[in-house]
Every structure is written in C-alpha cells, then in structure tokens.
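# Observations on the three-dimensional arrangement
For reference, the chains in residue letters:
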Amino acid sequence: MELWEGVVEAVRMVARADPYLRDVALRTLLVSGSATLLAMAVGVPLGYLLARARFPGRTVVLTAVHTGMGLPPVIAGLVIFLLFVRSGPFGGLGLIYTPQAMVIAQFVIALPMVVGFTAAAVASLPVEFSELLAMLGAGPLRTMWLTVREARLGLLAAVMAGFGAVISEVGASMTVGGNLAGSTRVLTTAIVLEASRGEHARAIALGVILLALALAVNFILTSFQQRRGA
Amino acid sequence: MDLVLRGLEVRFGRSLVLDIGELRLFGERVTAVLGPNGAGKSTLLRVLAGLVRPARGAVLIDGAPVPARVRRGLVALSFQRPVFVSGTVRENLDLALRLRGVPRQEREARISSVAEACGIAELLRRPARALSGGEAQRANLARALALQAPLTLLDEPLAGIDGPARRSLLAELRGLLRRFARSVVLVTHDPEEASRLADDVVVLLEGRVHACGPKSEVFRRPPDAATAAFLGWTVLPGEGGDVAVPPGGFRFGGDGFRFRMRVDAVLDRGYERLVEGAIAGSPVTVPLPPSAPAPAVGSEVEVVALPEAVERFSE
C-alpha cells in the first residue's frame, strides 16, 4: 500500500540525510520562518493598536482582518505575482520566482492571523490593566510593551496559527515561487510535483516530513506556552 | 487637597451614569463614597483619577480646574479587582514606583516600609498573580500607598475578602491610611465600612449625590428618604411625607410615634428575644422586654419609635 510505503520512504530519506530533502526542508523552514517573524514584527503592534485604539471604521478594519484570516493563499499569491511580475509595478526589483517573493506572499497570508490573534489577546486583558498603566503614567511604547508582554500566551497562539498556515500553504508558493528545483521548491510544492508525476509514495514521504516539521515547531512553542502559563 | 466636582455629567452611550451639580470633598480627610452597586461610584473615582472623560463638567483642585492628564499624576488608585503584571509582588510595586519616576534607593525603602505595614513583607517574592483574594487586596493597597500620592483613591478596598481576613484588614486600614495617605476618597457599598473608615460620607444613588457631609451628620440625619432607606432606616409613608426610623429605633411601649406591626416570627437568642415583622410592608426587628409575653405569630401589635430618632421628610 502506497501510504505505508510513503512512511517507510520518509524514514529512509531522513536516515540517509537525503540532500534533496535537506535542501527543500531547510528552504521551507527558512521561507515560512522568516515570513512568520516578519508578520509578528508588523502584526503584533498593529493588533495591539486595533485592540486599544478607538477610531471610526474600527469595526470595518477588524472585519477585514478576520476575513483575511481565512484568505485563500492562492489569492494572496496571485496579487503578489501581479505586483512583482516583470511587467508589474515592482517588476524592476526582479523578485518574482525567488524565495524572497515567497516570503512576501506568506507574510501577507500570516499577517491577518497575527493581527487578529494579537488583537483578541490584548482585548481579553482586563480594562483595569490599561487603566493602571495610564494612571501610573506609562508612555505609549512602555504601555504597548507591558501589555503585549502580558498577552504573550495569546501571541504564541498567533505564531502557531501564522506559521501553521504558511508552512502548509501551496497556492502562493507555487504562483510566486514557480517551484524551481534548488531555488524555490518547498515541501508543499514538492509534494504537488511528486503527486502529479504519479510518485505517490514519495509525495506521502514528503508529507510525513512536513507534518513532522510542523509538529516539532509547534511542540517547542507549546512547551514554551505551558511553562510560561504555569 | 480640596476637590470640587462641578456640573459633572458622565454618559456611557445614551445613559447618564453620573450627574453631579456640585460636590466638595475636603483635603486631608477620608471621604467614603457610599452607594449600592451600579450607583456610579467607581465611575466617580475614575473621573477623579482622570481615566474617564466626563461629557461635561470640571474637576477643581484647590480651586483651579485640573485637566485629566495632570490628575493622573496626582492620584494613586487601587482598583476593586486587583490587577498585576506578571512577576512578583515586589516587581509590581517597583514597576509602579519606577513609572512614577521614584529613584531606586527610595523605591526600595518605600516598598519595605509599606509592605511591612500592610503585612505583605513575606509575600514580596511570591508571584502576584498567585495571591489569594485577601493577599491580593493587601498588595493592591500597598502599591497604592507606596506611591504616596496627594490623593489616594480606593475602590472597594475590602472586595473579595471574607471572614477574619476582612475584619483584620478593616481594623488596620484606618491606621494605614493615616500613616501613608493624605487625602483619601474610598468607594464602598457597605455603610458599616464607611462609618468605620471615613470622616466624611457621600451617598451616591443612581448617579446623583443624595447626601454629603461629616459621617455623624449623614448617618444621624439623612437628608432624604432614599438615603435613609439605603442606610438601613425603615421608611414609612406618613401624613404629609415619609417618616424614617433608624435601625434599632423601635420599642414596645413608651412614648413616641405609634405603628402597627404584623408579627412574622419571634427569635429567642438566649440573651435577648427579637420580634420580626413588618410595618406597612417594610421589615422591622424589635427587641422584646425580658418580662413581656411573646406576641402570637400573625397577630398585630403596637410598636413605638423614639421621637428623637425619627426623621420626617416632607413631600
């Protein structure tokens, strides 16, 4: 049965440190990891502001963010593709079919998740918390730092959701990366390729490795969460 | 510092939660803002602290209007629901003082003396979030007192504490305020708490000030029927207006205002006997003289209110 053969093949590939697998897995981690980190750097302050600031149209923005959390990756990919394709407005940068373009596309996918989860985590803090800081005279940056620090368990959820979404997406990576061997091939696009070639066992093997990677990253984050939550 | 709230209106959405024409609070005293849940007490405290923006009106300190931003730096507010950043109790106190710009050495000195006085010296190294209700209230109080602000604001300082822990903190609180705080405004729903802690009392009912003055005046001569009823008086409709009798103001026999009471129960507590009943629907408890026979449950008896205690409110 091909499912079982796939699992065995996965173990074999890991055991012999298959260079192709190493290349693809490392790129997957690098691309999705950088996209998640960038999304955190931008999304956490945005989520904080969205939870704390009161401005007209806030509900509209919040709704847009929540919708963005379910954005089909292929649409994000298509938009980034049209922006960065040679003939597009940012075509001159020469980023299309590079890992950098994939990072940008995955950043767009992860950002609403990070913003949404951060906003929810900050909003769930008691109102007295921000009142206390205001009364004590904390400045805006200090207030943001102390608040975000307090909401850090929610931020871990944001990382997990964002990373989980981008490491498992295929549509955007395929569209802006082009699945070029040795340059923009990641685990998900490799799986699609193997499956289309009829190499089902190999596709399953790569899938098992992708799951194992996601599992490992989430395990690290979850243990961190449990330790800090205690 | 003397505080005046003038023409103050606070709205949450459409509803008017505070409507204060003029309220004077005197400095170097403890003022209790007393009222039932939802009367607007906490909102009043937040307005003083500059955390809630009134729809209109001003807060004057020593005669001059002071904007909210400046008031925030003059107050130490402890919330009814204690909030702490993650970290130890000491880190929480230290952060508060650091944010107020207190230099390091003084921070340490203040924390030790306040912690000692508030009985939390042993808790300083504990995570603040892991404290019990009573411990958390003490740490909350210690943080407010450590700030040594010109105006200390306490929102239900005994909230969430019961039994012996409550009694001991209630007993210590007055002394702690005298030692560490200058002008104090505290909020409570409990007249007993207000009478034990405060010099002055403000009675707030449904967002309006009903009474304001030294506690002896407010508790002895409530200015209106609603205040009297809130303070536990029995308010009865009489000719030309309401008559209010203070708790324990009814007797069997003697001279005074006479009322018919329906007897619901006779309690024999060994050292005293109490007759429970109702006058015109208002519950009343009257002590029975030692030699008198107990009235039958369901019967009507005559009780007397001492005339010197009774307040009359004309319509």
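What comes next concerns the included structure. (Residues numbered from 1 in each chain as written. Chains lettered and ligands numbered in written order. Predicted model: local features only at pLDDT ≥ 70, side-chain atom pairs only at ≥ 80, totals over all residues. Heavy atoms only, no water.)

### Focus on the overall build of chain B
- Scanning chain B from N- to C-terminus turns up nine helices and 18 strands.
- By its C-alpha atoms, chain B is 70 × 45 × 35 Å across when sized along the principal axes.
- With an accessible surface of roughly 14700 Å², chain B has 49% of that area assigned to carbon and sulfur atoms.
- Considering chain B, the positive charge centre built from 42 side chains and the negative charge centre built from 37 side chains are found 8 Å apart. (Helix = DSSP H or I, 4+ residues; strand = E, 2+ residues; numbered from the N terminus. Areas by Shrake-Rupley, 256 points an atom, 1.4 Å probe, with all protein chains shown as cover. Lys, Arg positive; Asp, Glu negative; His and termini not counted. Charge placed at Lys NZ, Arg CZ, Asp CG, Glu CD.)

### A look at the overall build of chain A
- The helix and strand inventory of chain A stands at 11 helices and zero strands.
- Principal axes of the C-alpha set define a box for chain A whose edges measure 65 × 50 × 25 Å.
- Within chain A, residue pairs in contact and separated by at least 24 positions form 74% of the contacts whose partners lie at least 6 positions apart.
- Computed over 16 positive and 11 negative side-chain charges, the separation of the two mean positions in chain A equals 10 Å. (Contact = heavy atoms within 4.5 Å.)

### Focus: the interface of chain A and chain B
- Of the residues lining the interface, 16 residues belong to chain A; the matching set on chain B comes to 20 residues.
- Here chain A and chain B share an interface that buries about 1700 Å² over both sides, 61% of which is from carbon and sulfur atoms.
- Its largest share of buried area at the contact with chain B, chain A owes to Glu128(A), Met135(A) and Leu136(A), together 40% of the area lost on that side.
- Inspection of the region where chain A meets chain B yields four salt bridges.
- For the salt bridge of Glu131(A) with Arg46(B), the shortest nitrogen-to-oxygen distance reads 2.7 Å. (Buried area = accessible area lost by both parts, 1.4 Å probe. Salt bridge = Lys/Arg side-chain N within 4 Å of Asp/Glu carboxyl O.)

### Let's talk about unusual backbone geometry
- The backbone of Ala17(A) sits at a positive phi, close to 50 degrees, despite the residue not being glycine.
- Structurally, Ala17(A) can be placed in the loop between α1 (2-15) and α2 (19-52).
- Located in the positive-phi region is Glu156(B), a residue other than glycine, with phi close to 45 degrees.
- Along the chain, Glu156(B) turns up in the loop between β7 (151-155) and α6 (163-180).
- Residue Glu156(B) is classed as buried on the basis of its relative accessible area of 6%. (Buried < 20%, exposed > 50% of the residue type's maximum accessible area, 1.4 Å probe, protein only.)

### Some details on the sheet that holds strand β10 (residues 208-214) of chain B
Residues and elements named next belong to chain B.
- Spatially, the six strands line up as an open sheet ordered β6-β7-β8-β3-β9-β10, and their pairing is mixed. The open sheet is flanked by β6 (75-78) and β10, the only strands paired with a single partner. Direction aside, neighbouring strands of the sheet carry axes that sit 15 degrees apart on average.
- Both strand β9 (residues 200-205) and β10 contribute to a ladder of six bridges, which runs antiparallel. (Pairing = 2+ DSSP bridges. Axes fitted to C-alpha atoms, helices over the stretch in contact; angles between N-to-C directions.)

### Observations regarding the sheet that holds strand β11 (residues 234-238) of chain B
Residue and element names in this part refer to chain B.
- With antiparallel pairing, three strands are arranged side by side in an open sheet as β11-β12-β18. Edge positions in the open sheet fall to β11 and β18 (311-314), since each of these has one partner strand only. Taking each pair of neighbouring strands and ignoring which way they run, the sheet shows an average axis angle of 25 degrees.

### Topic: α6(B)
All names here are of chain B.
- The first and last C-alpha atoms of α6 sit 25 Å apart over 18 residues, in line with the 26 Å expected at 1.5 Å per residue.
- Along α6, the sharpest kink reaches roughly 35 degrees, centred on Leu173.
- Restricting attention to buried positions, one finds in α6 the residues Leu169, Leu170, Leu173, Leu176, Leu177 and Phe180.
- Along its buried surface, α6 packs onto β3 (30-34), α4 (104-118), α5 (133-146), β7, β8 (183-188) and α7 (191-197). (Expected span 1.5 Å × (residues − 1). Bend = angle between axes of the 7 residues up to and from the residue.)

### What to know about the packing of aromatic side chains
- Per the counting criterion, the structure on display carries three aromatic pairs over all chains.
- Aromatic side chains Phe81(A) and Tyr97(A) sit 6.4 Å apart centroid to centroid with 55 degrees between the ring planes, which places their arrangement in the tilted category. Within this pair, whereas Phe81(A) is found in helix α4 (residues 73-84), its partner Tyr97(A) is found in the loop between α4 and α5 (99-123), the two being separated by 16 residues in sequence.
- Take Tyr97(A): its relative accessible area is 38%, and that puts it in the partly exposed class.
- Residues Phe250(B) and Phe259(B) carry aromatic rings whose centres are separated by 5.8 Å and whose planes lie at 80 degrees to one another, so their mutual orientation is edge-to-face. Each member of the pair, Phe250(B) together with Phe259(B), is buried. (Phe/Tyr/Trp six-rings, centres within 6.5 Å; stacked < 30°, edge-to-face > 60°.)

### Some words on the nonpolar core
- Counting 140 residues, the largest nonpolar core has Leu3(B), Leu145(B), Leu153(B), Leu177(B) and Val185(B) as the members making the most contacts within it.
- Looking at this core element by element, the count peaks at 14 residues for α5(A).
- Ignoring anything within four residues of it in the chain, the contact list for Leu145(B) reads Val114(B), Cys118(B), Thr152(B), Leu176(B), Leu177(B), Phe180(B) and Ala181(B).
- Counting residues in hydrophobic clusters, the runner-up holds 17 residues, among them Phe252(B), Phe259(B), Val275(B) and Val286(B). (Core = buried A, V, L, I, M, F, W, Y, C linked by side-chain atoms within 4.5 Å.)

### What to know about the side chain of Asn92(B)
- Along the chain, Asn92(B) turns up in helix α3 (residues 89-99).
- The exposure class of Asn92(B) is buried, given its relative accessible area of 2%.

### Considerations on the packing of α5(B) against α6(B)
Residues and elements named next belong to chain B.
- Two elements in contact, α5 and α6, have axes whose closest approach is 11 Å; the angle formed by their N-to-C orientations is 10 degrees. The angle between α5 and α6 places the two elements in the roughly parallel class. Facing α5, whose interface residues are Arg138, Leu141 and Leu145, α6 presents Ser168, Leu169, Glu172, Leu173, Leu176, Leu177 and Phe180.
- Residue composition of the contact of α5 with α6, grouped by class: seven nonpolar, one polar and two charged. (Parallel < 35°, antiparallel > 145°, perpendicular 65-115°, else oblique. Nonpolar A, V, L, I, M, F, W, Y, C, P; charged D, E, K, R; others polar.)

### Concerning α2(A)
- Counted at 1.5 Å a residue, the expected span for α2(A) with its 34 residues is 50 Å, and the 48 Å between its end C-alpha atoms agrees.
- Of all the bends in α2(A), the largest measures some 35 degrees and sits at Gly43(A), one to four residues before the proline Pro45(A).

### Section: the pairing of strand β16 (residues 282-288) of chain B
All names here are of chain B.
- Only one face of β16 is buried, namely the one carrying Ser282, Val284, Val286 and Leu288, since none of Pro283, Thr285 and Pro287 on the opposite face is buried.
- Both strand β15 (residues 273-279) and β16 contribute to a ladder of seven bridges, which runs antiparallel. Residue Leu274 lies in a different strand from β16, and its bridge partner there is Pro287.
- Between β15 and β16, which follow one another and run antiparallel, lie two residues, and Ala280 among them has a positive phi close to 50 degrees.

### Examining a nonpolar patch on the surface
Residues and elements named next belong to chain A.
- Among the surface-exposed residues, Met1, Leu3, Trp4, Val7, Val11 and Val208 lie close enough to one another that they form a single nonpolar patch of about 620 Å² accessible area.
- Mapped onto the elements, Met1 comes out in the segment before α1.
- We classify Met1 as exposed; its relative accessible area is 70%. (Patch = residues over 30% accessible without salt bridge, like charges linked within 9 Å, V, L, I, M, F, W, Y side chains within 5 Å.)

### Quick word on the pattern of salt bridges
- What the rule picks out here adds up to 32 salt bridges over all chains.
- When the shortest N-O distance is used, the salt bridge between Arg11(B) and Glu9(B) registers 3.0 Å.
- The residue Glu22(B) makes a salt bridge to Arg24(B) at a minimum N-O spacing of 3.4 Å.
- The exposure class assigned to Arg24(B) is partly exposed, which follows from its relative accessible area of 44%.
- Salt bridges sharing common partners tie together Glu9(A), Arg12(A), Arg16(A), Asp18(A), Glu194(A), Arg197(A) and Arg202(A).

Don't take any of this as a statement about function, it's just geometry.
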